[in-house]
Amino acid sequence: MNDAGTDDAGRRDAGVRDAGTGHAGTAGTPEPRPNGRVARKTVLRAALAATAAIPVALAGGPALARTLTTTGTAVPLTPPCDDGDHPTPEQIEGPYFKPDSPQRTSLLEPGLPGIRLTLTGYVFGRACLPVTGALLDFWQADTNGAYDNTGFRLRGHQYTDSRGSFALTTIVPGLYPGRTRHIHVKVQAPGRPVLTTQLYFPNEPRNSTDSLYDARLLMPVRDGNGGREAAFDFVLDVPQDPGPGPTPTGTPPSDGTWAAGTAYRAGDRVTCAGRGYVCLQAHTAQPGWEPPSVPALWRAA
């Protein structure tokens, strides 16, 4: 079995309904950009996490592993969504997609062998805003590298919640001739075109020989909770109006206490709940972005 072949856009769109070890910061810390700034997607993700129970793979804990390039530098994940022109890369559908998969967030079934895998993340648009109600349709091989072409084992679709997040419970897919380890997915914002792509695992020997492999589609993966945990954020080619930001109320209070509505600059120091913090990226403070809750914006002094 292999996924080689050309992609048919009509076939691809018809199937979706409208309806490791490398250098990585600890999960929840800023993702560095080439110019040293924090990716806006990271800031948005941290803000979302501050107001809800976030997916386990994005919570604080051990660093997520990612593969290094031959130059020793960390491979970037899906491109940041703050530059306006680089959505998550497409990949071919392959021969094993089936429409009408069941709606479910867990692909586990009684007696299904394999290593448990939890995949979590968010779906963003071009303005780096979360996409609510985005459809994600996953399918993959079993631990032996075989696809179920008669039923819907290891196939299922779900929708992002109000914060644009999703969570999938499945198993680590097996290998088969010609391909490295991967998971297929179609992602579609309501009323928008379908993104068909594949997600890859770090430190797989076949990554270097699979002609379809794309390092931009690597998932950070770590061991945890009796299996493995992975994370990936999709950026769809969906125009969005970021809208006006909060109106600053002026300079920070003279006593240095953190205050919502204040425009902070990188390097500013504040106190919050009796502890000191240093601002990591210029922003206008909002309720829910208190320094202890948003490590992408503030570092304990």
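Before reading further, recall that the structure is shown in the block above.
Residues numbered from 1 in each chain as written. Predicted model: local features only at pLDDT ≥ 70, side-chain atom pairs only at ≥ 80, totals over all residues. Heavy atoms only, no water.

**Considering the overall build of the protein**
Inference 1: What the protein contains, in helices and strands, is two helices and 14 strands.
Inference 2: The buried share of the protein, reckoned over its 301 residues, is 48%.
Inference 3: Total accessible area on the protein is roughly 13500 Å²; 53% of this is exposed by carbon and sulfur atoms. (Helix = DSSP H or I, 4+ residues; strand = E, 2+ residues; numbered from the N terminus. Buried < 20%, exposed > 50% of the residue type's maximum accessible area, 1.4 Å probe, protein only. Areas by Shrake-Rupley, 256 points an atom, 1.4 Å probe, with all protein chains shown as cover.)

**Details of the sheet that holds strand β3 (residues 155–159)**
Strands belonging to one sheet form pairs held by backbone hydrogen bonds; the direction of such a pair is parallel or antiparallel.
Inference 1: If you walk across this open sheet you meet the four strands as β3-β2-β5-β6, and the pairing is antiparallel. The open sheet has two edge strands, β3 and β6 (194–200), and neither has a second partner. If you compare each strand with its neighbour and ignore which way they point, the axes differ by 20 degrees on average.
Inference 2: Pairing analysis gives seven bridges linking strand β5 (residues 182–188) to β6, with the strands arranged antiparallel. (Pairing = 2+ DSSP bridges. Axes fitted to C-alpha atoms, helices over the stretch in contact; angles between N-to-C directions.)

**Focus: the nonpolar core**
Inference 1: Residues Leu119, Val123, Leu136, Phe138, Val187, Met219 and Phe234 are the most contacted members of the largest nonpolar core, which totals 33 residues.
Inference 2: At the level of elements, β1 (116–124), β2 (135–139), β4 (165–171), β5 and β6 are the ones that each hand at least two residues to this core.
Inference 3: Residues contacting valine 187, with those up to four places away along its chain left out, are Val123, Leu135, Leu136, Pro193, Val194, Leu195, Phe234 and Leu236.
Inference 4: Grouped together as the second largest cluster of nonpolar side chains are 11 residues, Trp258, Cys279, Ala285 and Leu297 included. (Core = buried A, V, L, I, M, F, W, Y, C linked by side-chain atoms within 4.5 Å. Contact = heavy atoms within 4.5 Å.)

**Quick look at the pattern of salt bridges**
Inference 1: For the coordinates displayed, the defined rule picks out 10 salt bridges.
Inference 2: Note that aspartate 210 is salt-bridged to arginine 179, the shortest N-O span being 2.6 Å. Residue aspartate 210 is located in the loop between β6 and β7 (221–224), and its partner arginine 179 is located in the loop between β4 and β5; the two are separated by 31 residues in the primary sequence. Across this residue pair, the class does not change: aspartate 210 and arginine 179 are buried. (Salt bridge = Lys/Arg side-chain N within 4 Å of Asp/Glu carboxyl O.)

**Focus on unusual backbone geometry**
Inference 1: Even without glycine at this site, leucine 154 takes up a positive phi of about 60 degrees.
Inference 2: Tracing the chain through its elements places leucine 154 in the loop between β2 and β3.
Inference 3: On the basis of relative accessibility, which here comes to 1%, the residue leucine 154 falls in the buried class.
Inference 4: The residue alanine 273 is not glycine, and still its phi comes out positive at about 55 degrees.
Inference 5: With respect to the helices and strands, the residue alanine 273 is situated in the loop between β11 (269–272) and β12 (275–279).
Inference 6: Overall, the relative accessible area of 79% leaves alanine 273 in the exposed class.

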